[in-house]
Amino acid sequence: MAAGGGSPSIVEYFGGEDGYRCGYCKNETGNLSHGMWAHSMTVQDYQDLIDRGWRRSGKYVYKPIMNQTCCPQYTIRCQALRFQTSKSHKKVLKKMLKFISKGDVSKVVSEEEPMDSHIEDVVPSDFAYKSESQVSQTELTPLNEDHAEGAENEDKDNVETNVKKVESGSLQIPVDKDAAGPGEPSHSSKTVHAPPKPGKGADLSKPPCRKAKDIRKERKLQKLLQNQMGTLEGSPLQAGHQALLSQNSKTPTNQPKSIEDFIFVSLPDDAPHKLEVRVVRSSPPSSQFKATFQESYQVYKRYQMVIHKDPPDKPTINQFTRFLCDSPLEAENPPNGPECGYGSFHQQYWLDGKIIAVGVIDILPYCVSSVYLYYDPDYSFLSLGVYSALREIAFTRKLHEKAPDLCFYYMGFYIHSCPKMRYKGQYRPSDLLCPETYVWTPIEQCLPLLELSKYSRFNQDAKAVDEGRIKDLGRVRVLHKRTIMPYSVYKKRRKGPSDEASVQQYASLVGQTCSERMLLFRS
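Overview of the structure. Only a predicted model underlies this, so the values are computations on that prediction, with no experimental measurement involved. (Residues numbered from 1 in each chain as written. Predicted model: local features only at pLDDT ≥ 70, side-chain atom pairs only at ≥ 80, totals over all residues. Heavy atoms only, no water.)

## Things to note about the packing of aromatic side chains
1) Next: Inspection of every chain in the model, using the stated rule, returns 19 aromatic pairs.
2) Next: Both rings, one in Tyr 379 and one in Phe 381, keep their centres 6.2 Å apart while their planes meet at 35°; by these two values the pair is tilted. Taken individually, Tyr 379 and Phe 381 each receive the classification buried, so the pair is uniform in this respect.
3) Next: Relative to Tyr 490, the ring of Tyr 487 lies with its centre 5.9 Å away and its plane at 40°, an arrangement referred to as tilted. Taken together, the positions of Tyr 487 and Tyr 490, both in helix α11 (residues 487-493) and three residues apart, correspond to about one turn of that helix.
4) Next: The buried category is assigned to Tyr 487, whose relative accessible area is 3%. (Phe/Tyr/Trp six-rings, centres within 6.5 Å; stacked < 30°, edge-to-face > 60°. Buried < 20%, exposed > 50% of the residue type's maximum accessible area, 1.4 Å probe, protein only. Helix = DSSP H or I, 4+ residues; strand = E, 2+ residues; numbered from the N terminus.)

Here it is in structure tokens:
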């Protein structure tokens, strides 16, 4: 659970009337979305926004107009704790293992796996920056908060007494009663074991019996992991050191192999290659991120030119920075959160001392959200798109040990109307977000509906509505002339034509909770 502290989210809403070129069907004006520029954003606000169909590209946050856009984009998440590797996933994991341990290079690519990166829905395009904010930092710094003229009815617990610091209560994770769709485990669900009756199975109060072979295997693995260290901002990572050791002692030998069983295995002393995964904070940039920036950028540039056929002058440092390094997310490091904290990161894959791939991720209160992946085209034979997705699922499971609410892996958008993008549905079990009620629905129930129509409401309860919808426009928080105020106050002071229709649209898209927490900038 994310803890409070720091600045409130500040956004500028741009609407979404203009159509842009679609990267999937190549329609020149068919890509329709609502957008806003996020000057700053708390991880809890962004978590709540992606649970309403939003997604970020750099600091631009957008939401497809699902019933109008040419290729509807449904938010997809994988239930990481219940994830089971498919046959094709195992092939990719074994291929990497053979390459590292034996130097075996298999050029055969499975027909089931995509040639490209596993996250291709956010492409570096100009649409996000046509609306780039021109507001100065001074205008975005609140000086005071005005609760006059009807604002006294606001919940006193939500009022800021110190405008430069948001109360920690504003970042408490709300329990969304309606977010739990079919197949979704509750955040607070616990498994309770009743004591067994005499003679009825194993005594769960005692440690399980273990074979000597398993104990020897664990000791060997422990010794290996002491010698083979990954790095998480200077501290051990190899995502799953302790997780794997504990899993070895818990998992019965007849259970299907987990991702960790494929990733963290004993390697021979004379293994020809060494793979190391490092997680470095990208925003604000850590010293490790700065030290590897140029090398990482060169990998990105080659990836864009070879895989996406970009001309050499398109993947500039400026574009790379705005698209994959800049982030509105505020870094948070609560004591009950993951060791690396919440926010935006680059997960770097180092092979024999050089970067061969980078996964751009956001670590949020309930999930790891994958933003993009780029890799060195010379290593395409390793199926790095699929491999990195599996590593990110394993990373999510590792983070869950310290942050119990963090148990999902968000893969961006699932686009059924684009066959190339359907592969995301192979990471099971997974859910799609209903575009009308924002309830998660198992993908198996969604696919038949999408076969009939590219746009579909997944919630089959005809009476169900968006429970997070805007109910009181007057409570929307506004930042105007460096003063925080409810919209009811701003509306009376505003000069010129009414902006109520725009504010109503913004509030309906972000929902009541976010509209009362985030600050909507008005000039």
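## Observations regarding helix α10 (residues 443-452)
1) Next: Within α10, the full set of buried residues consists of Ile 443, Cys 446 and Leu 450. Within α10, the buried residues cover an arc of 55° as seen down the axis, which keeps them to one side. Away from its buried face by more than 90 degrees, α10 exposes Glu 451 and Leu 452.
2) Next: Contacts made by the buried residues of α10 are with β6 (74-79), β14 (408-414), β15 (430-433) and β16 (440-442). (Arc of directions from axis to C-beta. Contact = heavy atoms within 4.5 Å.)

## Remarks on the pairing of strand β5 (residues 60-64)
1) Next: Burial analysis of β5 places five of its five residues in the buried class, which makes it a mostly covered element.
2) Next: Covered by surrounding structure in β5 are Tyr 60, Tyr 62 and Pro 64 together with Val 61 and Lys 63, the residues of both alternating faces.
3) Next: Bridge count for strand β3 (residues 31-40) against β5 is five bridges, and the pairing is antiparallel. Paired with His 34 across the two strands is Lys 63, which belongs to β5.
4) Next: Bridge analysis of strand β4 (residues 55-57) against β5 gives three bridges, and the strand direction is antiparallel. Residue Arg 56 lies in a different strand from β5, and its bridge partner there is Val 61. (Pairing = 2+ DSSP bridges.)

## Remarks on the environment of Met 485
1) Next: Counting through the fold element by element, Met 485 comes out in strand β18 (residues 483-486).
2) Next: We classify Met 485 as buried; its relative accessible area is 2%.
3) Next: In this structure, the C-alpha to C-alpha distance between Met 485 and Leu 520, residues 35 residues apart in sequence, is 9.9 Å.
4) Next: Apart from the residues within four sequence positions on either side, Met 485 is in contact with Asp 146, Val 476, Arg 477, Val 478, His 480, Tyr 490 and Arg 493.

## Notes on unusual backbone geometry
1) Next: Backbone torsion omega between Ser 283 and Pro 284 reads -5°, so that peptide bond is classified as cis.
2) Next: Tracing the backbone through its elements, the reader meets Pro 284 in the loop between β10 (275-283) and α6 (287-291).
3) Next: The omega angle of the peptide bond from Arg 428 to Pro 429 is -5°, so this bond is cis rather than trans.
4) Next: Among the structural elements, Pro 429 can be located in the loop between β14 and β15.

## Some remarks on a positive patch on the surface
1) Next: Residues Lys 94, Lys 98, Lys 102 and Lys 257 make up a contiguous surface patch of positive charge.
2) Next: Structurally, Lys 94 is set in helix α2 (residues 87-102). (Patch = residues over 30% accessible without salt bridge, like charges linked within 9 Å, V, L, I, M, F, W, Y side chains within 5 Å. Areas by Shrake-Rupley, 256 points an atom, 1.4 Å probe, with all protein chains shown as cover. Salt bridge = Lys/Arg side-chain N within 4 Å of Asp/Glu carboxyl O. Lys, Arg positive; Asp, Glu negative; His and termini not counted. Charge placed at Lys NZ, Arg CZ, Asp CG, Glu CD.)

## Brief notes about the pattern of salt bridges
1) Next: Summed over all chains, the structure comprises 18 salt bridges.
2) Next: When the shortest N-O distance is used, the salt bridge between Arg 517 and Asp 45 registers 2.6 Å. Separated by 472 residues along the polypeptide, Arg 517 in helix α12 (residues 500-517) and Asp 45 in helix α1 (residues 43-50) bring together distant segments of the chain. We note that Arg 517, like Asp 45, is buried.
3) Next: Between Glu 260 and Arg 397 there is a salt bridge, with its nearest N and O atoms 2.9 Å apart. Highlighted residues: Glu 260 in helix α5 (residues 259-263) and Arg 397 in helix α9 (residues 384-402), separated in sequence by 137 residues. Note on accessibility: Glu 260 and Arg 397 belong to one class, buried.
4) Next: Each of Asp 45, Asp 48 and Arg 517 takes part in a single network of salt bridges with overlapping partners.

## Structural notes on the nonpolar core
1) Next: Core analysis: the largest hydrophobic core is formed by 121 residues, its most contacted members being Met 36, Tyr 374, Tyr 427 and Tyr 506.
2) Next: At nine residues, the largest contribution of residues to this core is made by α9.
3) Next: Apart from the residues within four sequence positions on either side, Tyr 427 is in contact with Cys 78, Phe 83, His 89, Val 386, Ala 389, Leu 390, Ile 393 and Met 411.
4) Next: Listed in part, the seven residues of the second largest apolar core include Val 135, Leu 140, Ile 484 and Leu 519. (Core = buried A, V, L, I, M, F, W, Y, C linked by side-chain atoms within 4.5 Å.)

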